[in-house]
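Descriptive analysis of the structure
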Amino acid sequence: MRPVSRYVRTVDDVLDLLDGLFPVTADRWTPAGGADFWDQYYADRDRPVPFFVNKPDEHLAQYVESGLLAPGRVLDLGCGPGRNAVFLASRGFRVDAVDLSPDAIAWTGDRAREAAAEVGLHCGDAFRLTRDDLAGPYDLVVDSGFFHHLPPHRRISYLQMLDRVLAVGGHLVLAAFAAWAPGSGSPVPDAKLYREGKLYGGLAYTPQDLRWIFGGLTEVEVRALREQPADSPYYGPPFLLGGLFRREEGPLLDR
């Protein structure tokens, strides 16, 4: 039987312990707090939220339409209302879309049906799902807004997940809050987040941050998303930092 007070024995035990240093009101990443938060967020589909638009990220669309990313198997992390999942499925990719929120999954399903596109819908914790049901390998992992809501210690879980599911030769396409954009995400250093018990609605990153964190992958491109005119079919807010990384042979984490 697991002890009550001296239970820390594994890395997962440490990560779970660190989760508890943040109040449930800051939780955007676990079923305990994140599911309710995101359900409330997505409940009103008419809210004027920028990423509610039914348009894919402009850098992802560019990579697909230029042929840099060929159709294959895709994992969309924190799919939200399905902007990127439906775009990819409509272009021949086999997409598994994951979100904590049942409302987000329902919205993605509605958009997929409207587009006559087939998307695999999975509601739950991406870290747990990718240990079992969604084991990969995936040719492409897409993340537009999942990574920047993780506390620092869950970057370990994220890299472990990529190590499990991303195929050699596969790509990660990321969009995260940019450190140079006021109000889009917090630039507070990692250690201070734990002292304050806050995540400030999301963490902001510099290009150097992403290069360091994803140093086990090969950088193809890191840049700000390009702002789009209102009639553009793409989504490109400059407060997001985009990254394209490729996996080579070998583990992604230092052992």
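Above this text sits the structure in question.
Please read all numbers here as calculations on a predicted model, not as lab measurements. (Residues numbered from 1 in each chain as written. Predicted model: local features only at pLDDT ≥ 70, side-chain atom pairs only at ≥ 80, totals over all residues. Heavy atoms only, no water.)

Looking at the sheet that holds strand E2 (residues 94-99)
Spatially, 7 strands are ordered E3-E2-E1-E4-E5-E7-E6 in an open sheet, and the strand pairing comes out mixed. Sheet topology places strand E3 (119-123) and strand E6 (218-224) at the edges, where each strand pairs with a single neighbour. Each neighbouring strand pair of the sheet contributes to a mean axis angle of 15°, computed without reference to strand direction. As defined by bridge partners, E2 adjoins E3 across 5 bridges and the pair is classed as parallel. Across the sheet, Asp-96 pairs through a bridge with Gly-120, a residue of E3. (Pairing = 2+ DSSP bridges. Helix = DSSP H or I, 4+ residues; strand = E, 2+ residues; numbered from the N terminus. Axes fitted to C-alpha atoms, helices over the stretch in contact; angles between N-to-C directions.)

Describing the side chain of Asp-76
Relative to the elements of secondary structure, Asp-76 occurs in strand E1 (residues 73-77). Despite its burial, Asp-76 pairs with no opposite charge, the nearest such side chain being Arg-83 at 7.9 Å. In this structure, Asp-76 is in contact with Asn-84, Ala-85, Val-95, Asp-96, Ala-97, Val-98 and Val-142, ignoring residues within four places of it in sequence. (Buried < 20%, exposed > 50% of the residue type's maximum accessible area, 1.4 Å probe, protein only. Lys, Arg positive; Asp, Glu negative; His and termini not counted. Salt bridge = Lys/Arg side-chain N within 4 Å of Asp/Glu carboxyl O. Contact = heavy atoms within 4.5 Å.)

Here we look at a nonpolar patch on the surface
A cluster of nonpolar side chains, contributed by Val-8, Val-14 and Leu-17, occupies part of the molecular surface with about 210 Å² of accessible area. In this structure, Val-14 sits in helix H1 (residues 11-19). (Patch = residues over 30% accessible without salt bridge, like charges linked within 9 Å, V, L, I, M, F, W, Y side chains within 5 Å. Areas by Shrake-Rupley, 256 points an atom, 1.4 Å probe, with all protein chains shown as cover.)

Describing the layout of surface pockets
Size it by volume and the largest pocket reaches roughly 640 Å³. Trp-38, Phe-51, Gly-145, His-148 and His-149 are the residues nearest the centre of the largest pocket, which is lined by 40 residues in total. For the lining of the largest pocket, the secondary-structure elements that each account for two or more residues are helix H2 (34-42), E1, helix H4 (83-89), E2 and helix H6 (126-129). Take the lining of the largest pocket: its biggest share by element is 4 residues, from H2. Counted by class, the lining of the largest pocket contains 22 nonpolar, 13 polar and 5 charged residues. (1 Å grid on protein atoms, 1.4 Å probe; cavity = no way out; pocket = protein on both sides within 12 Å on 5 of 7 lines; lining within 4 Å. Points joined across faces, edges and corners; volume = space filled by probe spheres on them. Nonpolar A, V, L, I, M, F, W, Y, C, P; charged D, E, K, R; others polar.)

A short note on the nonpolar core
In terms of nonpolar packing, the biggest core is built from 39 residues, with Val-141, Phe-147, Tyr-158, Leu-162, Leu-172 and Phe-214 touching the most fellow members. Looking at this core, the elements that each hand over two or more residues are E1, H6, strand E4 (138-144), helix H7 (154-165), strand E5 (166-177), helix H9 (207-213) and strand E7 (240-246). The dominant element in this core, judged by the number of residues it contributes, is H7, at 5 residues. Setting aside residues no more than four positions away along its own chain, Leu-162 makes contact with Val-141, Leu-172, Phe-214, Leu-217, Arg-247 and Leu-252. With 23 residues, the next largest nonpolar core counts Cys-79, Ala-89, Val-95 and Leu-140 among its residues. (Core = buried A, V, L, I, M, F, W, Y, C linked by side-chain atoms within 4.5 Å.)

Observations regarding the packing of H1 against H7
Close contact between H1 and H7 brings their axes to 10 Å; oriented N to C, the two are set at 135°. Between H1 and H7, the angle is such that the two are oblique. On H7, the residues touching Val-11, Leu-15, Asp-16 and Asp-19 of H1 are Arg-154, Ile-156, Ser-157 and Gln-160. The residue inventory of the contact of H1 with H7, partitioned by class, reads 3 nonpolar, 2 polar and 3 charged. (Parallel < 35°, antiparallel > 145°, perpendicular 65-115°, else oblique.)

Considerations on the packing of aromatic side chains
Applying the stated criterion across every chain, the model contains 21 aromatic pairs. With a centroid separation of 5.8 Å and an interplanar angle of 80°, the aromatic rings of Tyr-41 and Tyr-42 are classed as edge-to-face. Each member of the aromatic cluster is reached from another via a ring pair, and the members are Phe-37, Trp-38, Tyr-41, Tyr-42, Phe-51, Phe-52 and Trp-107. For the cation-ring pair, Arg-73 lies above Tyr-138, with the distance from its terminal atom to the ring centre recorded as 4.2 Å. (Phe/Tyr/Trp six-rings, centres within 6.5 Å; stacked < 30°, edge-to-face > 60°. Lys NZ or Arg CZ within 6 Å of the ring centre and 35° of its normal.)

Describing the pattern of salt bridges
A complete count under the given rule lists 16 salt bridges for this structure. As a salt-bridge pair, Asp-190 and Arg-155 come within 2.7 Å of each other at their nearest N and O atoms. Residue Asp-190 is located in helix H8 (residues 190-196), and its partner Arg-155 is located in helix H7; the two are separated by 35 residues in the primary sequence. With relative accessibility at 33%, the residue Asp-190 sits in the partly exposed group.

Considering the side chain of Arg-223
Within the fold, Arg-223 resides in strand E6. On the basis of relative accessible area, Arg-223 is assigned to the buried category, the value being 12%. Of note is the side chain of Arg-223, whose polar atom sits 3.2 Å from the side chain of Gln-62. At 3.3 Å, the side chain of Arg-223 forms a polar contact with the side chain of Glu-221. What Arg-223 contacts, discounting residues up to four positions off in sequence, is Glu-58, His-59, Gln-62, Leu-240, Leu-241 and Gly-242. (Polar contact = N/O pair within 3.5 Å; in protein donor to acceptor, adjacent residues only side chain to side chain.)

Functional significance is not addressed by these values, which are geometric in nature.
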